[in-house]
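Okay, here's what each chain looks like letter by letter:
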4 protein chains.
Amino acid sequence: MSKKEAIVQSAIRIFTEKGVEKTTISDIVKHAGIAQGTFYLYFPSKLSLMPAIAEVMVKTTLQTVIDTVKPKSAFQDRLRQFVDAIFEVNREYHEIQAMIYSGLASTEHLKEWETVYAPIYEWISGQIAHAQKDGLIRNDSPPDALAKLIIGLTESAAEQIYLYDEIGQDSRAAKQKEETLKFLLMGLGVPS
Amino acid sequence: MSKKEAIVQSAIRIFTEKGVEKTTISDIVKHAGIAQGTFYLYFPSKLSLMPAIAEVMVKTTLQTVIDTVKPKSAFQDRLRQFVDAIFEVNREYHEIQAMIYSGLASTEHLKEWETVYAPIYEWISGQIAHAQKDGLIRNDSPPDALAKLIIGLTESAAEQIYLYDEIGQDSRAAKQKEETLKFLLMGLGVPS
Amino acid sequence: MSKKEAIVQSAIRIFTEKGVEKTTISDIVKHAGIAQGTFYLYFPSKLSLMPAIAEVMVKTTLQTVIDTVKPKSAFQDRLRQFVDAIFEVNREYHEIQAMIYSGLASTEHLKEWETVYAPIYEWISGQIAHAQKDGLIRNDSPPDALAKLIIGLTESAAEQIYLYDEIGQDSRAAKQKEETLKFLLMGLGVPS
Amino acid sequence: MSKKEAIVQSAIRIFTEKGVEKTTISDIVKHAGIAQGTFYLYFPSKLSLMPAIAEVMVKTTLQTVIDTVKPKSAFQDRLRQFVDAIFEVNREYHEIQAMIYSGLASTEHLKEWETVYAPIYEWISGQIAHAQKDGLIRNDSPPDALAKLIIGLTESAAEQIYLYDEIGQDSRAAKQKEETLKFLLMGLGVPS
DNA sequence: TATGAATGAGCGTTCATTCAT
DNA sequence: CATGAATGAACGCTCATTCAT
């Protein structure tokens, strides 16, 4: 693993453990096993880490979604699998998800965000477009608009559950997933 | 206005202007016209401001919703008015909304948040319960679950627009609102 | 008890508990049950408390000595009783003893200290003068000089034991007392 | 001189000049010619300086004693030289001596103090042991116990003189030394 | 006398950033 | 490429002191 990758991996790890604000560059380089100065060979500042982290997280999310959703399932099953995947990623990385989602990572790298996020929007958008063509859903809004609504709804539902670290909430999570799926199915106009 | 209120008001103002992370306590007290030490008579730290701010923001949000939604309108009109209200509040306070919504305001005051948020969830929940009883919507999920989905979907849609300060996005906002409303109507099962 | 006395008593108590440097005026007034401003009606600053405290401590010390030393005992018994008394006061108030003894209470009230300390020096000095006149001790140095050496030796011996809060040191203390007494007896030239 | 040594040397200098409590870290770093942050690379707080300072002071004291005491002198001459040495060190560093001796330098580093002080106790103890073996003194208490009494008596006598910065006290000091020496000689049982 | 909310200078401390090696 | 000791501006916070009531 290159030093650059080590930095990003360590940052994700420590952000997850102790929160973004309380993490110092010193923490990151210690965990990565490199020198203080080395950080600046790759990133000009702490904030400039964010796009790289987002990229990794988006890849992780997309990979989890792709791994979870079986292409040959019925559309509503795929939707259920998608919800499962998003909840799962949120459970594991809720601190970072919140950080990325809320855009708190400063206003300076916004341009990059759009491109970083593109893959996951595109994947969903593609699925929706196919489903519309195949007549599987009645909602005829543009696929990319629907993609944003779907991801927004699902992630906010997941956050409402996992923002609070308390344990034994599996049943709450299961119910929340059911309600979310139902709302998605109806919102998209999937015949039941 | 008491000193405590002055602090909260000033904090909201400055967080809105320059972001939460970049705001110092010094900024807040200067704007509030009080001494540095006075801050600590009312709040032990910057983070402990958050529940008080959230409370004000929730009040503002609920008030805006109540002022915007005409009780005698048809349900789908009220839903449109609700979406308008949420977008409006987000437009004005997107930085703070993001902060509150994402829960990034530290994990130490989470218990308080539930109670702080209660009023707005309850209002929506009440509207939904009525609509279900009157047969205006087909989605028979519990009202409080639907309330959370509705606010989550609408706020995330608004954030996607307003997180980026750029101007001249009114048309994008208008479209986003339309898509959101449509999704909500279908998701709730409002006959069209 | 007057407010002034309450302040002094509270200060002694809290200095003993948490150390002089870490004690704030706020701590003192809270414990005394009076208002912040009231403190300044009686003492212009924290440092000006010191002579009043010293006075109380000197009184306490002298009283303990007088209560412990039986006037009709043989001289060496009285010396042993004196050592016991000094060790006892040190055990209970070692933090304050150290503070007073080392004169760390600032250089601004030094003049007052001499007068504050006078009673205890005088008492010892009187005892020594009598003993010299009665031929009980051979050391013919001036009584007031001997008084200072005696108190200096005994208190430093006690401090060496009680500065360290550890428990179960009674046997160490007993030995230290024996050696101290022996040294005093020889130093004063008490026939054995 | 390393930065760490520079910090310790500067601290000793400034503590001597303006007292411990009134000395700020800012004073120290300015005098040492280093940056504010550099201090914290070596010491986590102002209090943690104390053991390092004590170590230097103990070295200085022991060195002064060794330089002053002529090994071939008669025992009572060596005792006189010892008293001279202790008074001299106290005259020059009374503020720091008081601080170290009274142990006010916080209760957190007490363990270290015992080891820091060891060299000077050992030196005296060694001298006493020899003198006892050679029959030069009659007091047969354990050498280490006597060592502590001797240093305690002599330093407290010195402090009583030098705690007060006033000038023209040479005659008082000379008298105090004489009385102290006499007391020591008798206390140890040195034949006269 | 007595109060206690308010003050603000100044403290200890942090940490992103630099640069000689 | 890599280092890590050094920097110093800037921060949160404390607390002795004041004063209108």
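See the structure above.
Computed from a predicted structure; not experimentally measured. (Residues numbered from 1 in each chain as written. Chains lettered and ligands numbered in written order. Predicted model: local features only at pLDDT ≥ 70, side-chain atom pairs only at ≥ 80, totals over all residues. Heavy atoms only, no water.)

## What about the overall build of chain A?
When its secondary structure is counted, chain A shows 8 helices and 0 strands. The N-to-C order of helical and strand elements in chain A reads α-α-α-α-α-α-α-α. Taken over 192 residues, chain A has a buried fraction of 53%. Long-range contacts, defined as pairs at least 24 residues apart, comprise 67% of the intrachain contacts of chain A with a sequence gap of at least 6. Carbon and sulfur atoms make up 53% of the accessible area of chain A, which amounts to about 9200 Å² in all. (Helix = DSSP H or I, 4+ residues; strand = E, 2+ residues; numbered from the N terminus. Buried < 20%, exposed > 50% of the residue type's maximum accessible area, 1.4 Å probe, protein only. Contact = heavy atoms within 4.5 Å. Areas by Shrake-Rupley, 256 points an atom, 1.4 Å probe, with all protein chains shown as cover.)

## Let's talk about the protein's contact with DNA strand F
Every one of the 30 residues lining DNA strand F counts as a neighbour, but Thr38 and Tyr42 of chain A, Tyr40 of chain C together with Thr38 and Tyr42 of chain D are closest to it. In DNA strand F, atoms within 4 Å of the protein come from the sugar-phosphate backbone in 62% of cases. Within the backbone of Ile25 of chain B, an N or O atom sits 3.3 Å from a phosphate oxygen of DNA strand F. Tyr40 of chain B is positioned with one of its side-chain polar atoms (N or O) 3.2 Å from a phosphate oxygen of DNA strand F. Within the residue set of the surface near DNA strand F, elements represented by two or more residues are helix 3 (39–42) of chain A, helix 3 (36–42) of chain B together with helix 3 (36–42) of chain D. The element best represented in the surface near DNA strand F is helix 3 of chain D, accounting for 5 residues. (Near = heavy atom within 4 Å. Polar contact = N/O pair within 3.5 Å; in protein donor to acceptor, adjacent residues only side chain to side chain.)

## Side note on the nonpolar core
In terms of nonpolar packing, the biggest core is built from 67 residues, with Phe82, Phe183 and Leu188 of chain C together with Phe82, Phe183 and Leu188 of chain D touching the most fellow members. In contact with Phe82 of chain D, not counting residues within four places along its chain, are Val65, Val69, Trp123, Ile124, Ile150, Ile151 and Thr154 of chain D. Core analysis: the second largest hydrophobic core is formed by 60 residues, Ile161, Phe183 and Leu185 of chain A together with Ile137 of chain B among them. (Core = buried A, V, L, I, M, F, W, Y, C linked by side-chain atoms within 4.5 Å.)

## What to know about the protein's contact with DNA strand E
Around DNA strand E sit 30 residues, and of these Tyr40 of chain A, Thr38 and Tyr42 of chain B together with Thr38 and Tyr42 of chain C come closest. Atoms of DNA strand E within 4 Å of the protein: sugar and phosphate make up 63%, bases the balance. Note that a phosphate oxygen of DNA strand E is positioned 3.2 Å from one of the backbone N or O atoms of Ala35 of chain B. At the level of secondary structure, the elements contributing two or more residues to the surface near DNA strand E comprise helix 3 of chain B, helix 3 (39–42) of chain C together with helix 3 of chain D. In terms of residues, the surface near DNA strand E owes the most to one element, helix 3 of chain B, which gives 5 residues. When grouped by side-chain class, the residues that make up the surface near DNA strand E number 14 nonpolar, 14 polar and 2 charged. (Nonpolar A, V, L, I, M, F, W, Y, C, P; charged D, E, K, R; others polar.)

## A closer look at helix 2 (residues 25–32) of chain C
All names here are of chain C. The complete set of buried residues in helix 2 reads Ile25, Asp27, Ile28, Val29 and Ala32. Those residues of helix 2 that are buried are in contact with helix 1 (3–18), helix 3 and helix 4 (49–68). Looking one or two residues past helix 2, Gly33 carries a phi angle of roughly 70°, positive in sign.

## Some details on the packing of aromatic side chains
Under the criterion given, the structure shown has 18 aromatic pairs over all chains. Between Phe39 of chain C and Tyr40 of chain C, the aromatic rings sit 5.2 Å apart at their centres with planes inclined by 70°, giving edge-to-face as the arrangement. Owing to a relative accessible area of 45%, Tyr40 of chain C belongs among the partly exposed residues under this scheme. Linked through ring pairs, Phe39, Tyr40 and Phe43 of chain A together constitute an aromatic cluster. The ring of Tyr121 of chain B is capped by Lys148 of chain B, whose NZ or CZ atom sits 5.5 Å from the centre of that ring. (Phe/Tyr/Trp six-rings, centres within 6.5 Å; stacked < 30°, edge-to-face > 60°. Lys NZ or Arg CZ within 6 Å of the ring centre and 35° of its normal.)

## Overview of the packing of helix 1 (residues 3–18) of chain D against helix 4 (residues 49–68) of chain D
When two helices pack together, you describe them by how their axes are tilted relative to each other and by the distance separating the axes. Residues and elements named next belong to chain D. Between helix 1 and helix 4, the shortest axis-to-axis distance is 10 Å and the interhelical angle comes to 80°. For the element pair helix 1 / helix 4, the angle class is roughly perpendicular. Counted together, Ile7, Val8, Gln9, Ala11, Ile12 and Phe15 of helix 1 and Leu49, Met50, Ala52, Ile53, Val56 and Met57 of helix 4 form the full contact between these two elements. Its residues placed into classes, the contact of helix 1 with helix 4 shows 11 nonpolar, 1 polar and no charged. (Axes fitted to C-alpha atoms, helices over the stretch in contact; angles between N-to-C directions. Parallel < 35°, antiparallel > 145°, perpendicular 65-115°, else oblique.)

## What about the pattern of salt bridges?
All names here are of chain A. Taken as a whole, this structure holds 20 salt bridges over all chains when the rule is applied. The salt bridge partner of Asp84 is Lys177, with a shortest N-O separation of 3.2 Å. Of the two residues, Asp84 sits in helix 5 (residues 75–102) while Lys177 sits in helix 8 (residues 170–188), which places them 93 residues apart along the sequence. A relative accessible area of 29% means that Asp84 is categorised as partly exposed. We classify Lys177 as partly exposed; its relative accessible area is 23%. (Salt bridge = Lys/Arg side-chain N within 4 Å of Asp/Glu carboxyl O.)

## Section: helix 1 (residues 3–18) of chain B
Residue and element names in this part refer to chain B. Its 16 residues give helix 1 an end-to-end C-alpha distance of 22 Å, which sits within 8% of 22 Å, the value for a rise of 1.5 Å per residue. Of all the positions in helix 1, only Ala6, Ile7, Val8, Ser10, Ala11, Ile12, Ile14 and Phe15 are classed as buried. Immediately beyond the C-terminal end of helix 1, within one or two residues, lies Gly19, with a positive phi of roughly 90°. (Expected span 1.5 Å × (residues − 1).)

## Focus: the packing of helix 7 (residues 143–162) of chain C against helix 8 (residues 170–188) of chain C
Residues and elements named next belong to chain C. As a packed pair, helix 7 and helix 8 sit with axes 10 Å apart at the nearest point and diverge in direction by 165°. Judged by the inter-axis angle, helix 7 sits roughly antiparallel to helix 8. Read as a crossing pair, helix 7 and helix 8 show a hand that is right-handed. Together, Leu146, Ile150, Leu153, Thr154, Ala157, Gln160, Ile161 and Tyr162 of helix 7 and Arg172, Ala173, Gln176, Thr180, Phe183, Leu184 and Leu188 of helix 8 make up the contact between the two elements. A class-by-class count of the residues in the contact of helix 7 with helix 8 yields 10 nonpolar, 4 polar and 1 charged. (Left-handed = near helix turned anticlockwise from the far one by under 90°.)

## Concerning the environment of Leu185 of chain B
Residues and elements named next belong to chain B. Mapped onto the fold, Leu185 is located in helix 8 (residues 170–188). For Leu185, a relative accessible area of 15% puts it in the buried group. When the C-alpha atoms of Leu185 and Leu79 are compared, they prove to be 8.0 Å apart, with 106 residues separating the residues in sequence. Beyond its immediate stretch of four places on either side in the chain, Leu185 contacts Gln76, Leu79 and Val190.

## So, the side chain of Ser10 of chain A
Residues and elements named next belong to chain A. Summarising the element assignment, Ser10 is placed in helix 1 (residues 3–18). Among the polar contacts made by the side chain of Ser10, one reaches the main-chain amide nitrogen of Ala32 at a distance of 3.5 Å. When near neighbours in sequence (up to four residues on either side) are disregarded, Ser10 contacts Ile28, His31 and Ala32.

## A closer look at the environment of Ser45 of chain C
Residue and element names in this part refer to chain C. On the secondary structure map, Ser45 appears in the loop between helix 3 and helix 4. Taking the relative accessible area as the measure of exposure, Ser45 reaches 28% and is therefore partly exposed. The sequence separation of Ser45 and Ile25 amounts to 20 residues, and the corresponding C-alpha distance is 9.0 Å.

## Considering the side chain of Ser141 of chain C
As for its placement among the helices and strands, Ser141 of chain C is situated in the loop between helix 6 (110–133) and helix 7. Its relative accessible area of 2% is what places Ser141 of chain C among the buried residues. In terms of polar contacts, Ser141 of chain C uses its side chain to reach the side chain of Glu179 of chain D, at 2.6 Å. Here Ser141 of chain C is in contact with Gln132 and Leu146 of chain C together with Glu179 and Lys182 of chain D, once residues within four sequence places are set aside.

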